[in-house]
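Descriptive structure summary
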Amino acid sequence: MTRKINLPPKKERHKLFGSVEPGVKLKPTEKDKMPDLQNTKKDFLFTIDAVGISNVKHPIIIHSSLLPKQQTTIANFKMTSKISHDSKGTNMSRFTEQLEQYRQNGGFQLTLTNLYDFTKELAERLKQQDASIDVSFPWFYERKGPSSELVGLNHAEATISVSYEQGIGFTSTASLKCAVTTLCPCSKEISEYSAHNQRGFVTMNIEFTNDYHEEIDWKAALLEAAETNASAMIHPVLKRTDEKVVTETAYENPRFVEDMVRLVAADLYELDFVQAFSVECRNEESIHLHDAIANLSYRKEV
Ligand SMILES: Nc1nc2c(ncn2[C@@H]2O[C@H](COP(=O)(O)OP(=O)(O)OP(=O)(O)O)[C@@H](O)[C@H]2O)c(=O)[nH]1
């Protein structure tokens, strides 16, 4: 038997749970009469390398050379700038103001040109010499079963970062983390049959050359570097005919984590728009509770 409840009006309910009437308010409500603490000028001892906001969720529009060619996704933004020792604080509201301006102007289009404009304008809005932005987002791409050709969506985690400094210019970097299958060469070598295999995560960080242009889809290039060097690719839809192909492909292409980072590095070395890179592979081992890891980094001569 449920008890009948006599609900008081909403205002009474709030009082019941502790809400009180507003007190006497003496501090100014006009912006120009409010103290502006963050703009205090004094010697605050240290210059701050980066101050701003992180973990900002915001929709963006991304362009891809793989299908779907255009997609709206939710990105995680980090936006910062330096402040010198003689400034107490930054103007936090200006970061999201800038983001909103871009949203209202046709949506935030994630192109490098747009990010260059954004960081320069952000520095100007903040009245600072520099600004930096990191945008992390899931990037989706169609993947076909190797035999059935049935399509589904895979995704990789992408990040693009741009920094602007007055008088110096822009630096831009990007990273992509994607999943692959790796089959253990040692296990294949020593066993009468089978070989253990696992899901490996390949993370590639790149620094763009100055002449990088937007027509090159860096995401697709990095994905190809990771997937084409793995034992097998990961697929969203696999029929039996496909499963046979990926199982045999993995067996024909065994890889240690060391093999993965070296082979992916070779592909990144060949990409003309990459000035420097690092590659990490982390295998979630199926015969251990721990992971196997390897990483390397390389800077090409200018
Ligand atoms: N600098 C700084 N501000 C913070 C922090 N946390 C919250 N804020 C708040 O961010 C709010 C808005 O900042 P501002 O952009 O300086 O606001 P404003 O001075 O009204 O804006 P402008 O007219 O653009 O100068 C302030 O009320 C701060 O209290 C922090 O850690 N540092």
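So, how was this worked out
- Residues numbered from 1 in each chain as written.
- Predicted model: local features only at pLDDT ≥ 70, side-chain atom pairs only at ≥ 80, totals over all residues.
- Heavy atoms only, no water.
- Core = buried A, V, L, I, M, F, W, Y, C linked by side-chain atoms within 4.5 Å.
- Buried < 20%, exposed > 50% of the residue type's maximum accessible area, 1.4 Å probe, protein only.
- Helix = DSSP H or I, 4+ residues; strand = E, 2+ residues; numbered from the N terminus.
- Contact = heavy atoms within 4.5 Å.
- Pairing = 2+ DSSP bridges.
- Axes fitted to C-alpha atoms, helices over the stretch in contact; angles between N-to-C directions.
- Salt bridge = Lys/Arg side-chain N within 4 Å of Asp/Glu carboxyl O.

Structural notes on the nonpolar core
The tendency in soluble globular proteins is for nonpolar side chains to be buried as a group. Within the largest apolar cluster, 59 residues are counted, with the highest numbers of intra-cluster contacts made by F77, M79, V135, F137 and M204. The greatest single-element share of this core, amounting to 7 residues, is contributed by helix 5 (residues 218-227). The residues touching F137, leaving out its near neighbours within four places in the chain, are I60, I62, T73, I74, A75, L110, A156, E157, A158, I160 and K219.

Quick word on the sheet that holds strand 8 (residues 291-299)
Sheet architecture is open: 8 strands sit in the order 1-2-3-4-5-6-7-8, paired in antiparallel fashion. The sheet is open, and its two edges are formed by strand 1 (48-63) and strand 8, each paired on a single side. Recorded for the sheet is a direction-independent mean angle of 15° between the axes of neighbouring strands. Judged from the 11 bridges that link them, strand 5 (residues 169-183) and strand 6 (residues 197-208) form a sheet pairing that is antiparallel.

Comments concerning the pairing of strand 6
Here strand 6 pairs with strand 7 (residues 274-284) via 10 bridges, running antiparallel. Within strand 7, the position partnered with I206 by the bridge is F277.

Topic: the pattern of salt bridges
Following the criterion strictly, the structure yields 12 salt bridges and no others. A salt bridge links E124 to K120, with the nearest nitrogen and oxygen atoms 3.3 Å apart. Linking E124 with K120, this pair stays in helix 3 (residues 112-126), spanning 4 residues, or about one helical turn. Note on E124: relative accessible area 48%, which makes it partly exposed.

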